[in-house]
Amino acid sequence: MRTRLTQAFGIEHPIILAPAAGAAGGALASAVTRAGGFGMIGGGYGDAEWLAGELAPADAPVGAGFITWSLEKAPHLLDQALAAPRRAIMPSFGDPAPVAAQIHDAKVPLICQIQTLDHARAAIDADADVIVAQGGDAGGHGDLRGTMSLAPEIADPLTARGPATILCAAGGIADGRGLAAALMLGADGAVVGSRFWVSAEARVPKPMQAAAINAAGDDALRTRVVERAREPAWPGRFTIPVLRSSFTDRWHGDQAGLDAALATERPRWQAAAAAGDPSVANPIVGEAAGLIHDAPHAADILSDMIAGAEAALARAARKEKCRCSPRS
Ligand SMILES: Cc1cc2nc3c(=O)[nH]c(=O)nc-3n(C[C@H](O)[C@H](O)[C@H](O)COP(=O)(O)O)c2cc1C
């Protein structure tokens, strides 16, 4: 499956591992790269010691992702990531302009994840090499636009502008059908998070993964109350999708009530998160949870997605042929 993404990154499959904060460490990122995709370490809010530990075992070329507004408070993390032989840097959730020049100067591809057309314009202005159109069904923080219309709406101006900028779709892509759909929407590849969050190599407690396996897409909800428990607070309109738990059953929609009880509720949620207890702390995955039924190795996830996408595209081609020659 050759696309502009596979050509530009020298990879076999048009799949990028999402830099899921904390969950996508060096072991998962390098497993994805070794299996023919492109692995990204989730640098998240930025912890120099954690990052150093995860960059070290990455025994295949991988990239690193950061939360842009947090990175601006800790610029040394970008120096740290660029000092290692990284293959891409992905700042998300904020204007990439303040960090773009440093990434370009290091001759490292700049991947910008966007949620709206305004964000896309800012990514184009920052001369992004790859734009990731993240729809609201994604795991991790995001906004409301659906992947299905956001990706092609951004594909059109990018195509008109010229072939330089690569487009990936993200959000709800967890099997071959999703990957095939992303390509049909005009993307050159997919950024996949939730599916790899439930993989053997992810840095995620097994009971949390089990909760995701047993969940349906309907169990994912976008909320702000988890942010109140987790810290740090996020700016702007971003919300986070989580699988429901007794905590969100009680507090979702009652932020004022939660704020009044925060002195006990925050440590309770955080203790449950540290213990990997999904009955209180919420697994952070998106609607794709309903498509996830096991926790295999990353390489198996990749090969299944590719086989499924090839089969879906072949089915679509057969249907097209049938329509064109009804008697054949
Ligand atoms: C647990 C989790 C944490 C995430 N953290 C980040 C992050 O720190 N930075 C980032 O750019 N994207 C992050 N994302 C979002 C992904 O980059 C991507 O948009 C999303 O996972 C795609 O949707 P999917 O989960 O349905 O595959 C995270 C996703 C998950 C599931």
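Residues numbered from 1 in each chain as written. Predicted model: local features only at pLDDT ≥ 70, side-chain atom pairs only at ≥ 80, totals over all residues. Heavy atoms only, no water.

Participant: How do you make sense of the pairing of strand β6 (residues 130–134) when you look at a structure like this?
Facilitator: Across a regular strand the side chains alternate sides, sitting on one face of the sheet and then on the other. Along β6, 5 of the 5 residues are buried, which leaves the element largely enclosed by surrounding structure. Of the two faces of β6, both are covered, the one formed by Val 130, Val 132 and Gln 134 as well as the one formed by Ile 131 and Ala 133. Strand direction decides the pairing type here: strand β5 (residues 111–114) and β6, joined by 4 bridges, are parallel. For Cys 112, the partnering residue across the bridge sits in β6 and is Ile 131. Handedness of the β-α-β unit built from β5, helix α7 (residues 117–125) and β6 comes out right-handed. As defined by bridge partners, β6 adjoins strand β7 (residues 166–170) across 5 bridges and the pair is classed as parallel. Looking across to β7, one finds that Val 130 is bridged to Ile 166. For the crossover that starts at β6, traverses helix α8 (residues 147–161) and ends in the parallel β7, the hand is right-handed. (Buried < 20%, exposed > 50% of the residue type's maximum accessible area, 1.4 Å probe, protein only. Helix = DSSP H or I, 4+ residues; strand = E, 2+ residues; numbered from the N terminus. Pairing = 2+ DSSP bridges. Right-handed = clockwise from strand over helix to strand, strands pointing away.)

Participant: Could you clarify how one ought to interpret the site of the ligand in this entry?
Facilitator: Around the ligand, the structure places 24 residues, and the nearest of them are Ser 92, Gln 113, Gly 172, Gly 193 and Ser 194. The backbone of Gly 139 places a nitrogen or oxygen atom 3.0 Å from an oxygen atom of the ligand. Between an oxygen atom of the ligand and a main-chain N or O atom of Gly 171, the distance comes to 3.4 Å. In the complex, the protein chains occlude 96% of the 590 Å² of accessible area that the ligand would expose alone. When residues of the shell around the ligand are traced back to their parent elements, those giving at least two are β4 (89–92), β8 (189–192) and α10 (194–197). Class assignment of the residues belonging to the shell around the ligand gives a composition of 13 nonpolar, 10 polar and 1 charged. (Near = heavy atom within 4 Å. Polar contact = N/O pair within 3.5 Å; in protein donor to acceptor, adjacent residues only side chain to side chain. Areas by Shrake-Rupley, 256 points an atom, 1.4 Å probe, with all protein chains shown as cover. Nonpolar A, V, L, I, M, F, W, Y, C, P; charged D, E, K, R; others polar.)

Participant: Would you mind showing me how to read the side chain of Gln 115 here?
Facilitator: Mapped onto the elements of the fold, Gln 115 is located in the loop between β5 and α7. Judged by its relative accessible area of 1%, Gln 115 is buried. Within the structure, the side chain of Gln 115 is placed 3.1 Å from the side chain of His 119, a separation counted as a polar contact. At a separation of 2.9 Å, a polar atom in the side chain of Gln 115 contacts the side chain of Gln 134. Setting aside chain neighbours within four positions, we find Gln 115 in contact with Phe 93, Gln 134, Gly 142, Asp 143, Arg 145, Leu 150 and Phe 238. (Contact = heavy atoms within 4.5 Å.)

Participant: What is the right way to look at the pairing of β4 in this model?
Facilitator: Along β4, one buried face is formed by Ile 89 and Pro 91 and the opposite face, lined by Met 90 and Ser 92, is buried too. As judged from the 4 bridges shared by strand β3 (residues 63–67) and β4, these two strands associate in the parallel manner. Its bridge partner being in β4, Ala 64 is matched across the sheet by Ile 89.

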